[in-house]
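Okay, here's what each chain looks like letter by letter:
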Amino acid sequence: MRLAVIGDIHVYTLTPPPWALLSKRVLGQANLWLNRRHAFDHKLFDCVLKRVASVEANLLLLSGDLTTTALESEFRDIASRLEPLTQSHKTIAVPGNHDRYTFTSARVKRIEKMLPGFVPETFPKIERLGERWSLLALDGAVPRIFNARGRLGEEQMLRIHEHLSSLTSHDGLVVLCHYPVKCPPKAPPLTYDHKLAESGRLWRMLRRCAARVLYIHGHIHRPWCWQPRHSHSAHITYINAGAPCLTSRRYPLGQGWWQVDLPDDPRKAIHATHHVPDTAGIKLDRKLNGTRTIDKWEARRVM
Ligand SMILES: [Fe+2]
Ligand SMILES: [Fe+2]
């Protein structure tokens, strides 16, 4: 089975109606005007979608933060941008903290209502992927006034525990959650304000799980694929999806997206390929923001 994984897209609306600013959103919009809009180049997104379509994945996974401040206009925008893929691909998305940016957006379940085809109505969402693999989609996004700390809650933790306990060493499990549970040793550690409240508990549960585990997340705008060497967690592979439209000196045309090939037998090797725009010859000029396209891609097989 082939998965395509797209991370933090963060579409935005620069001029929301004034009433929409009577909330934490006023901070998010200020950050958008001052910083984010210079770094996120959504004109690149069509090129990303075309490349994703070309690998003929069986399932498209979106790891959250589709929007910036959970406005209805942002959800409409992302739904129409994704349409060429979501019409032809089974798609599952989990909410990120920016998709539940305000208390109202969480209370009215805006992401679930505005993206009904591919955001599950309830979490955790457990789905079979072929004979031996299953998908566990988690919702760790909660609105907060001053930080971006995530929380799964006891009900989800209980269901996760039940599902993990039912798996054997012949099974494979794909976890899709916006928040990471663990980062590579060289990455900056997760801070209290940005991590999942249950990250330690969830990680210990996954460590004890008998199945082969692939943990897919976003949230940290920096792509990686990490396979710990310790024997107690060597059965877990982590993929951080990154942000496909976030431009930087290191990723002048965005951070790309991931293709993951799951073997029928979960005891065999998983293959992960990072599709990154080929930037040879690209001038690192911020003024080009908004006018760039991706002509060539590099497929970096990392596993
Ligand atoms: Fe994000
Ligand atoms: Fe996030």
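Residues numbered from 1 in each chain as written. Chains lettered and ligands numbered in written order. Predicted model: local features only at pLDDT ≥ 70, side-chain atom pairs only at ≥ 80, totals over all residues. Heavy atoms only, no water.

Peer 1: Describe the coordination of the iron ion (ligand 2), and please don't skip the residues or the numbers.
Peer 2: Protein coordination at the iron ion (ligand 2): the donors are Asp-65 (OD), Asn-97 (OD1), His-178 (NE2) and His-219 (ND1), at 2.2 to 2.3 Å from the metal. Seen from the iron ion (ligand 2), its 4 donor atoms lie at angles of 89 to 160 degrees, and the figure they make is irregular. Within one chain, the residues donating to the iron ion (ligand 2) are spaced in sequence as D-x31-N-x80-H-x40-H. When its relative accessible area of 11% is taken as the criterion, His-219 is described as buried. (Donors = N, O, S within 2.8 Å, 3.2 Å for Na, K, Ca; no water. Tetrahedral: all angles 85-135°; square planar, octahedral: opposite > 155°, others 65-115°. Buried < 20%, exposed > 50% of the residue type's maximum accessible area, 1.4 Å probe, protein only.)

Peer 1: Tell me what's going on with the coordination of the iron ion (ligand 1), and back it up with residues and numbers.
Peer 2: Donor atoms from the polypeptide that coordinate the iron ion (ligand 1) comprise Asp-8 (OD), His-10 (NE2), Asp-65 (OD) and His-221 (NE2), at 2.1 to 2.3 Å from the metal. Considering all 4 donor atoms around the iron ion (ligand 1), the spread of angles at the metal, 88 to 174 degrees, places the coordination shape in the irregular class. When the donor residues of the iron ion (ligand 1) are listed from N- to C-terminus, their spacing reads D-x1-H-x54-D-x155-H. Residue classification places Asp-65 among the buried positions, given a relative accessible area of 1%.

Peer 1: Let's hear about the pairing of strand S9 (residues 236-240): which residues, and what values?
Peer 2: Within S9, 5 of the 5 residues are buried, which leaves it mostly tucked inside the rest of the structure. With 5 bridges connecting them, strand S7 (residues 212-217) and S9 associate as parallel partners. Of the residues in S9, the one forming a bridge with Leu-214 is Thr-237. (Helix = DSSP H or I, 4+ residues; strand = E, 2+ residues; numbered from the N terminus. Pairing = 2+ DSSP bridges.)

Peer 1: Which residues make up the layout of surface pockets, and what are the values?
Peer 2: Volume-wise, the largest pocket comes out at about 560 Å³. Arg-36, Asn-97, His-98, Ala-148 and His-194 are, among the 31 residues lining the largest pocket, the residues nearest its centre. Per element, the largest residue contribution to the lining of the largest pocket is 4 residues, and it comes from helix H1 (residues 25-39). Among the residues forming the lining of the largest pocket, the class breakdown is 15 nonpolar, 10 polar and 6 charged. Forming the walls of the second largest pocket are 16 residues, and the residues nearest its centre are Lys-109, Phe-123, Asp-139, Leu-152 and Gln-156. In terms of residue count, the dominant contributor to the lining of the second largest pocket is helix H6 (residues 154-165) (3 residues). Per-class residue counts for the lining of the second largest pocket are 5 nonpolar, 3 polar and 8 charged. (1 Å grid on protein atoms, 1.4 Å probe; cavity = no way out; pocket = protein on both sides within 12 Å on 5 of 7 lines; lining within 4 Å. Points joined across faces, edges and corners; volume = space filled by probe spheres on them. Nonpolar A, V, L, I, M, F, W, Y, C, P; charged D, E, K, R; others polar.)

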